[in-house]
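# Descriptive analysis of the structure
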Amino acid sequence: MLDISGNIMSRDAVAAIVTNGRMAVSDQALLPLYLKKTGDIESWLKGRAIDSHRTNSRLLKKALRISAADDIATVLKVNAATITDTYWFCPKDSDLKYENVRFNENLFDELALRGAPDSFNRPYSPTPELTNIGSFEKCWRLVDGRWWMVKQGNDLERFSELFICRLGQALGFTMADYMHEDSTVKSPDFTDGATVNYEAAEGLVGDDEDYLFNFRVFYDLSTALAEQYMQIVYLDTLCFNMDRHTKNYGVLRDVETGAILRMAPNYDNNIALFARGIPQDLNRANDRLISFFRELTEQDRCALSIARLLPVPTVEMIDDCIKRTGISIDSEAVRAFIINGSNQIQSGL
């Protein structure tokens, strides 16, 4: 059992009291979804920690003199606070307030992103990088009062992120807005400084990525959420996003009431499409993701009804989205891959 005591906070409201690792709920409505589902404080804290396998995360910990290797010690260094939600951990008998723990600068952005030596030598300052999860080298950067996520990637990874963002927008879906900058892509914080709380789908569905299970969980919450979930898996299918998992899609919640408002914008598409190379079968006759999508629509009539209303990409739309990435690519292959995937999807509806 985790030997910590204090409060799980949402801004300055106590959501739960933790005594020697055991949780007693104070305000069910404000409790993080993951804790509502599991009650597991230790896993919740670990899930907020920077990926220790990232090279630059090791440099960051060294610069900040974090000697303990475990994730919990890492997140507690910044009271488990993040950029994209208002949850944090207040130690027992502490008089800390939310304003004391929320981030207002990041002196280590270049160290987290590129391993920059000048950033390594900066004086200690609480940094959101300690709770910036994910496997790619990235950072949070504050520009004119707004936080931006900046992420590294090769040409194909950056093309995938930018192209899928533009295609989703062209189809009328809610997308995190990505832009190209040097060897990175960047996107503004879609919670706008935690004016809403982002919570990964893991808090609702665990680690179960099955489309039918997810669809029914979201449908039971609201038809609007189910429709928005279908848009995500449809775009994943069109663009062959193998890397969708329950930590990189989720919902936005009202900070004051805890109500689920809507699905979060579609983000994290840099391991989709041709990011791992151009596949030999551009016809997509044996495409596994298309099979998964067909199974969903065959097994649930509501999912089928929603799928039949989803917009179909055109050649002109695809060409325009390719052009707008500003990255050189085999346009003919991209066009064929998306159109053939769309045709396969439509043939099953």
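Below or above, wherever it landed, is the structure these notes cover. (Residues numbered from 1 in each chain as written. Predicted model: local features only at pLDDT ≥ 70, side-chain atom pairs only at ≥ 80, totals over all residues. Heavy atoms only, no water.)

### Describing unusual backbone geometry
A negative phi angle is the norm for most residues apart from glycine, just as the trans form is the norm for most peptide bonds. The phi angle at A194 is positive, at roughly 60 degrees, despite the residue not being glycine. Assignment of secondary structure puts A194 in the loop between β8 (184-188) and β9 (196-200). The class for A194 is buried, based on a relative accessible area of 3%. (Helix = DSSP H or I, 4+ residues; strand = E, 2+ residues; numbered from the N terminus. Buried < 20%, exposed > 50% of the residue type's maximum accessible area, 1.4 Å probe, protein only.)

### Quick look at the packing of aromatic side chains
Per the counting criterion, the structure on display carries twelve aromatic pairs. Taking 5.6 Å as the distance between ring centres and 80 degrees as the angle between the ring planes, the aromatic pair formed by F190 and Y198 counts as edge-to-face. For Y198, a relative accessible area of 10% corresponds to the buried category. An angle of 90 degrees between the planes, with centres 6.2 Å apart, marks the rings of Y211 and F292 as edge-to-face. Here F292 lies in helix α12 (residues 288-299) and Y211 lies in helix α10 (residues 211-221), a separation of 81 residues in the sequence. The exposure class assigned to Y211 is buried, which follows from its relative accessible area of 12%. Cluster of aromatic residues (ring-pair linked, three or more members): F173, Y234 and F293. The residue whose ring lies beneath K77 is Y124, and the NZ or CZ to ring-centre distance is 5.2 Å. Directly above the ring of F337 sits R284, whose terminal nitrogen or CZ lies 4.0 Å from the centroid. (Phe/Tyr/Trp six-rings, centres within 6.5 Å; stacked < 30°, edge-to-face > 60°. Lys NZ or Arg CZ within 6 Å of the ring centre and 35° of its normal.)

### Looking at the sheet that holds strand β2 (residues 13-19)
Across the sheet, four strands lie side by side as β3-β2-β1-β4; this open sheet has antiparallel pairing. The open sheet is flanked by β3 (22-25) and β4 (87-91), the only strands paired with a single partner. For this sheet, the mean inter-axis angle between neighbouring strands, taken without regard to orientation, is 30 degrees. Two elements, strand β1 (residues 6-10) and β4, share five bridges in a ladder whose sense is antiparallel. Of the residues in β4, the one forming a bridge with G6 is P91. (Pairing = 2+ DSSP bridges. Axes fitted to C-alpha atoms, helices over the stretch in contact; angles between N-to-C directions.)

### A word on the packing of α12 against helix α15 (residues 331-347)
Closest axis-to-axis distance for the α12/α15 pair is 10 Å, and the angle between their directions is 25 degrees. In terms of axis orientation, α12 runs roughly parallel to α15. The element α12 and its partner α15 pack so that their crossing is right-handed. On the side of α12, the interface is formed by I290, F293 and R294, while α15 contributes G341, Q344, I345 and S347. (Parallel < 35°, antiparallel > 145°, perpendicular 65-115°, else oblique. Left-handed = near helix turned anticlockwise from the far one by under 90°. Contact = heavy atoms within 4.5 Å.)

### Observations regarding α10
Of the positions making up α10, those classed as buried are Y211, L212, N214, F215, V217 and F218. The inward-facing, buried residues of α10 contact α9 (202-205), α11 (223-238), β10 (250-254), β11 (260-263), α12 and α13 (301-307). The opening residue of α10, the one whose side-chain oxygen lies 3.2 Å from the backbone nitrogen of L212, is D210. (Polar contact = N/O pair within 3.5 Å; in protein donor to acceptor, adjacent residues only side chain to side chain.)

### Quick word on the packing of α10 against α12
Remark: α10 packs on α12, axes separated minimally by 9 Å, with the N-to-C direction vectors making an angle of 45 degrees. Taken together, the axes of α10 and α12 lie oblique to each other. Relative to α12, α10 is oriented so that their crossing is right-handed. Contact residues: Y211, L212, F215 and R216 in α10; L289, F292, F293, L296 and Q299 in α12. Of the residues that constitute the contact of α10 with α12, the class distribution is seven nonpolar, one polar and one charged. (Nonpolar A, V, L, I, M, F, W, Y, C, P; charged D, E, K, R; others polar.)

### Things to note about the nonpolar core
In this structure, F163 and L273 are the most contacted members of the largest nonpolar core, which totals 62 residues. If one sorts the elements of this core by residue count, α11 sits on top with nine residues. Beyond its immediate chain neighbours, meaning those up to four positions away, L273 contacts F159, S160, F163, C239, F240, V334, F337 and I338. Core analysis: the second largest hydrophobic core is formed by 21 residues, I50, V78, A81 and M149 among them. (Core = buried A, V, L, I, M, F, W, Y, C linked by side-chain atoms within 4.5 Å.)

### What to know about the sheet that holds β9
The sheet built from three strands is open, its strands ordered β9-β10-β11 with antiparallel pairing. In the strand order of this sheet, the two ends are held by β9 and β11, each with one partner. Sheet twist, expressed as the average angle between the axes of neighbouring strands with direction ignored, equals 30 degrees. Both β9 and β10 contribute to a ladder of five bridges, which runs antiparallel. Across the sheet, E199 pairs through a bridge with V251, a residue of β10. Relative to β11, α11 is tilted by about 25 degrees, and along the sheet it contacts β10 and β11.

### With respect to the pairing of β3
The pairing of β2 with β3 spans four bridges and is classified as antiparallel. Each residue of the ladder has a partner; that of I17, found in β3, is A24. Linking two consecutive strands that pair antiparallel, namely β2 and β3, is a turn of two residues; a positive phi of about 50 degrees is found at N20 within it.

Scope: geometric values only; no functional claims are made or implied.
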